[in-house]
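If you want the building blocks of each chain, they are given just below.
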Amino acid sequence: MPEPVVQIEHLTHTYGERAAVDDLSLSVQPGEIFGFLGPNGSGKTTLFRVLTTLVAAPADRVKLFGLDLKTHRDEIRRRIGVVFQSPSLDKQLTARENLRHQGHLYGLAGADLKARMDELLDRVKLTDRQHERVSTFSGGMRRRVELAKGLLHRPSLLLLDEPSTGLDPGARIDLWQLLQEVRNTDGVTILLTTHLMEEADQCDRLAILDQGKLLACDSPAALKSTIGGDVITIVTKQPAEAAQMLLEKLNLSAELIEGSLRIEVADGHLLIPRLIEALPGRVDSISLGRPTLQDVFVKLTGHGLNADALTPPAAAAKSSH
């Protein structure tokens, strides 16, 4: 096996008495698109800040490219590219000017910098808009400039924090086509945080986080295979009462998740008529589907991915720093 690009062993990071990252261990292999999936307060942002060297890590807990993050921070910084969730572009500059200033920060200049800017502007399909101010760009176009900035110095590892947040579906498709190209053509390892299921589904492997803990780590397909059969979701105005009726009439346990009843069962289509019969006049809607990553998350945590309400405001604020 090749040496992991990222190796984390028993990492813990606390804010006061709260562990934002709790005894986490995992590795990321060269050429992977690896995702951290979890709600706000799960530890994604803190972990991202550690890996981008913005938050110090104890010695021998985090290694990038085989180098200890604590003792080789500057060398690691030269080998990583970062795209933050918050915009980092100067809107009063053009796309090309933003790239030029980024290049200067990494010691690029002259013909080498010009060639690299030309190449990346072409790859992100902004050559014809390169001399326009970023303030006139759409969200998707700005994200493409951010990606070009992160790739300008030819990093071996690209880290992205919630890369698709705020983008429309078309812009998300364009972004992911770029990420696949960067991985396949340049061999860049990509690590990202997300709370979007469609984005998580496109990763090679996922680490599912909740309240600072690693709950599972595998490919999206393997994670979904841990749920047998179908998933039935019932929407009703009195879910607790409906769950009790299903238990009494059908000896069937239903989980109450975010106001809806959820049932895992084989051959779910055969059960639906019996469920409607057991809950006369109480079913507002009922749906049947194959297991999704949302279902995996629910099974692991007992709650949905939209778990902001479960995180105290003070803790959520701290986890974003």
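Residues numbered from 1 in each chain as written. Predicted model: local features only at pLDDT ≥ 70, side-chain atom pairs only at ≥ 80, totals over all residues. Heavy atoms only, no water.

Participant: Hey, could you run me through the packing of aromatic side chains in this one?
Facilitator: Two aromatic rings, taken as a pair, are described by how far apart their centres are and by the angle between their planes. One pass over the full model with this rule turns up two aromatic pairs. Summarising the aromatic geometry, the rings of Phe34 and Phe36 are spaced 5.4 Å apart at their centres and angled 70° between planes, so their arrangement reads as edge-to-face. Of the two residues, Phe34 and Phe36, both sit in the buried class. Seen from their ring centres, Phe48 and Phe84 are 6.0 Å apart, and the 75° between their planes marks the pair as edge-to-face. Separated by 36 residues along the polypeptide, Phe48 in helix H1 (residues 44-51) and Phe84 in the loop between strand S6 (80-83) and helix H3 (95-105) bring together distant segments of the chain. In this structure Phe48 comes out as buried when scored by relative accessible area, which is 3%. (Phe/Tyr/Trp six-rings, centres within 6.5 Å; stacked < 30°, edge-to-face > 60°. Buried < 20%, exposed > 50% of the residue type's maximum accessible area, 1.4 Å probe, protein only. Helix = DSSP H or I, 4+ residues; strand = E, 2+ residues; numbered from the N terminus.)

Participant: Help me out: how do you make sense of the pattern of salt bridges in this one?
Facilitator: Any two side chains of opposite charge can pair, on the condition that their charged atoms come close. Applying the stated criterion across every chain yields a total of 20 salt bridges. With a shortest N-O distance of 2.7 Å, Arg290 and Asp230 are connected by a salt bridge. A residue pair is termed long-range when its members are at least 10 positions apart, and Arg290 in the loop between strand S14 (285-289) and helix H11 (293-301) and Asp230 in strand S11 (residues 230-235) qualify at 60 residues. Within the structure, one salt-bridge network assembled from shared partners comprises Arg116, Glu119, Arg123, Glu181 and Asp186. (Salt bridge = Lys/Arg side-chain N within 4 Å of Asp/Glu carboxyl O.)

Participant: It is not clear to me how the environment of Glu3 should be interpreted in this structure. Could you clarify?
Facilitator: By the secondary structure assignment, Glu3 is in the segment before strand S1 (6-15). A sequence separation of 125 residues divides Glu3 from Asp128, and the C-alpha atoms of the two residues are 41 Å apart. Setting aside residues up to four positions removed in sequence, Glu3 forms contacts with Pro30, Phe65 and Gly66. (Contact = heavy atoms within 4.5 Å.)

Participant: Help me understand the pairing of strand S10 (residues 213-218) in this model?
Facilitator: Moving residue by residue along a regular strand, the side chains alternate between the two faces of the sheet. Pairing analysis gives five bridges linking strand S9 (residues 205-210) to S10, with the strands arranged antiparallel. Residue pairing for S10: Asp210 is matched across the bridge by Lys213. (Pairing = 2+ DSSP bridges.)

Participant: How should unusual backbone geometry be read in this particular structure?
Facilitator: Peptide bonds are trans in most cases, and residues, glycine excluded, mostly fall at negative phi. Positive phi, close to 60°, is recorded for Lys125, a residue that is not glycine. When you line up the elements, Lys125 lands in the loop between helix H4 (110-123) and helix H5 (139-151). For Asp267, which is not glycine, the phi dihedral falls at a positive 50°. Considering the arrangement of structural elements, one finds Asp267 in the loop between strand S13 (260-265) and helix H10 (268-278). Take Asp267: its relative accessible area is 45%, and that puts it in the partly exposed class.

Participant: Looking at this structure, I do not really get the nonpolar core. What am I missing?
Facilitator: Across soluble globular proteins, you tend to see nonpolar side chains buried next to one another. Membership of the largest hydrophobic core comes to 45 residues, with the highest contact counts inside it found for Leu147, Leu158, Leu160, Leu179 and Ile190. Sort the elements by how many residues they give to this core and helix H6 (residues 169-186) lands first, with six residues. Those residues in contact with Leu147, other than ones at most four positions away along the chain, are Val83, Leu158, Leu160, Leu175, Leu178 and Leu179. Within the second largest apolar cluster, 28 residues are counted, among which are Val21, Val50, Leu51 and Ala57. (Core = buried A, V, L, I, M, F, W, Y, C linked by side-chain atoms within 4.5 Å.)

Participant: Even after reading the chapter, I still don't get helix H9 (residues 239-250), so can you show me in this structure?
Facilitator: Side chains of residues three or four places apart in an α-helix project in the same direction, reflecting 3.6 residues per turn. With twelve residues, H9 should reach 16 Å at 1.5 Å per residue; the first-to-last C-alpha distance of 16 Å fits that figure. All of the buried residues in H9 are Pro239, Ala242, Ala243, Met245 and Leu246. Down the axis of H9, the buried side of the element spans an arc of 160°, and every buried residue falls inside it. Facing away from the buried surface of H9 by more than 90 degrees, the exposed residues are Ala240 and Glu248. (Expected span 1.5 Å × (residues − 1). Arc of directions from axis to C-beta.)

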